[in-house]
Amino acid sequence: MKLRKGRSFLGYMLAGAAMLLLFLYLRFPGDAAKNYLKRCQTEHFPNLIIVIDAVEPSVPPGITIENLTAALRERPEATIHADRLVIAPGWLSFFRGRFSFLAKASGYGGEISGKSEFSQTFSLKGPFSATAEFKGMRLEKCLYLQDFFSRQISGTLKGSFSFNGVTGALKNGSGKLDAAITNGNYQLSENIWGFDRISFNRVDLKMELRNNVLRIAELRVNGDKLSITLKGNILLADDFKNSRMDLSGSAEIQGLGGRRVPITIGGAIGNPTIKTM
């Protein structure tokens, strides 16, 4: 009899909790939340333009942002878009006294999932770490990327990323990127070896960030008519497009009977200079 009463009590508790969650979901102040996010953006990131369709609650507890579009005010046409962005607290870290957030976004035909965690007790300042994994991202759909490189780039991106740094001093942080792009094209600014674009089956990229320098451990391009292998460094600038490259390697061209040709890439990322020997 006592066991039956205990089960009934537990059932009432679960039903009550479900009704409370349903009530909170239906009464969620979506417009107020959207206006709050816009105020935060205006106060902390005034150089950005952000457009949001809707803000809704999510389960497990968190928020869902529908159709999020962002751009710099000086380049409003170069947008980054997410069909849906879900953000939720990392409850295990929270119970240990640290802020942590989980995020998952969909857009450009693919998905990104990530986590960030702060080291100081209940603080969003100081040391933090971030990790992310992405897959199925169609690069040609990203207007910001096309504007950044000032040329057409296409392909499907997947990979992982990790970063450790301190808020307010991100340049001094360290990180790693391991990515691959399949079935794409990269438009060249000038004709090289008879090509006006590089068509590839796969690009593999491995790089590390340390002391404001990106070390390219491996950049391998494999295509039916052209294969390229590069490594070197990129010295980061305040404007990433002005970061200076110092890459070297070789290219194997089908029309040259498989002979490997030395190649160097220098200049700014936004306007690279390719030289062959």
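Residues take numbers from 1 onward in each chain, read along the sequence in its written order. Restriction of local features to residues with pLDDT of at least 70 applies here, the model being predicted, together with a cutoff of 80 or more for giving and counting side-chain atom pairs; totals for whole chains, interfaces and linings are based on all residues. Heavy atoms from the whole structure form the basis of all side-chain values; hydrogens and water molecules are not counted.

Caption draft 1: Structural detail: the nonpolar core. Grouped together as the largest cluster of nonpolar side chains are 44 residues, with contacts concentrated most on Leu157, Ile216, Ile228 and Ile234. With 7 residues, strand 9 (residues 195–210) is the largest single contributor of residues to this core. Residues count as neighbours in contact if any of their non-hydrogen atoms are within 4.5 Å of one another. Those residues within four positions of leucine 157 in sequence are excluded, and the remaining contacts are Phe134, Lys135, Gly136, Met137, Leu139, Ala179, Ala180 and Ile181. Take the buried residues of types Ala, Val, Leu, Ile, Met, Phe, Trp, Tyr and Cys, join any two whose side-chain atoms come within 4.5 Å, and each joined set is a nonpolar core. Three exposure classes are used, based on accessible area relative to the maximum for each residue type with a 1.4 Å probe and protein chains only: buried under 20%, partly exposed in between, and exposed over 50%. Ala33, Ile52, Ile65 and Leu85 belong to the second largest nonpolar core, which has 7 residues in total. Helix numbering and strand numbering both begin at the N terminus, where a helix is a DSSP run of H or I of at least 4 residues and a strand a DSSP run of E of at least 2.

Caption draft 2: Quick peek at the packing of aromatic side chains. Side-chain rings of Phe, Tyr and Trp (the six-membered ring for Trp) are treated as a pair once their centres are within 6.5 Å; stacked means planes under 30 degrees apart, edge-to-face means over 60, and tilted covers the remaining angles. If you walk through the whole model with that rule in mind, you get 12 aromatic pairs. Summarising the aromatic geometry, the rings of phenylalanine 94 and phenylalanine 95 are spaced 6.0 Å apart at their centres and angled 65 degrees between planes, so their arrangement reads as edge-to-face. Summarising the aromatic geometry, the rings of phenylalanine 149 and tyrosine 186 are spaced 6.3 Å apart at their centres and angled 85 degrees between planes, so their arrangement reads as edge-to-face. Here phenylalanine 149, found in helix 4 (residues 143–149), pairs with tyrosine 186, found in strand 8 (residues 174–192); they are 37 residues apart in sequence, far enough to count as distant. With relative accessibility at 19%, the residue tyrosine 186 sits in the buried group.

Caption draft 3: Representation of the pairing of strand 3 (residues 80–89) in the model. In terms of strand pairing, strand 2 (residues 62–72) meets strand 3 through 7 bridges, oriented antiparallel. The residue of strand 3 that forms the bridge with glutamate 66 is arginine 84. Inspection of the sheet shows strand 3 paired to strand 4 (residues 98–107) by 6 bridges, in the antiparallel sense. From the neighbouring strand, alanine 88 faces strand 4, where its bridge partner is leucine 102. Whether two strands pair depends on DSSP finding at least two bridges between them.

Caption draft 4: Focus on the pattern of salt bridges. The term salt bridge refers to a side-chain nitrogen of Lys or Arg lying within 4 Å of a carboxyl oxygen of Asp or Glu. A full pass over the atoms with the stated rule returns 12 salt bridges. The partner of glutamate 117 in a salt bridge is lysine 115, and the shortest N-O contact between them spans 3.8 Å. Among the residues examined, glutamate 117 registers a relative accessible area of 17% and is labelled buried. Arginine 202 is the salt-bridge partner of aspartate 204, the closest N and O atoms lying 2.9 Å from each other. Residue aspartate 204 is classed as buried on the basis of its relative accessible area, which comes to 18%. One continuous salt-bridge network, built from bridges that share partners, spans Arg75, Glu77 and Asp147.

Caption draft 5: Region of interest: unusual backbone geometry. Even without a glycine there, the phi angle at serine 150 is positive, about 55 degrees. As for its position among the elements, serine 150 is in the loop between helix 4 and strand 7 (156–166). Overall, serine 150 belongs to the exposed group, its relative accessible area being 54%.

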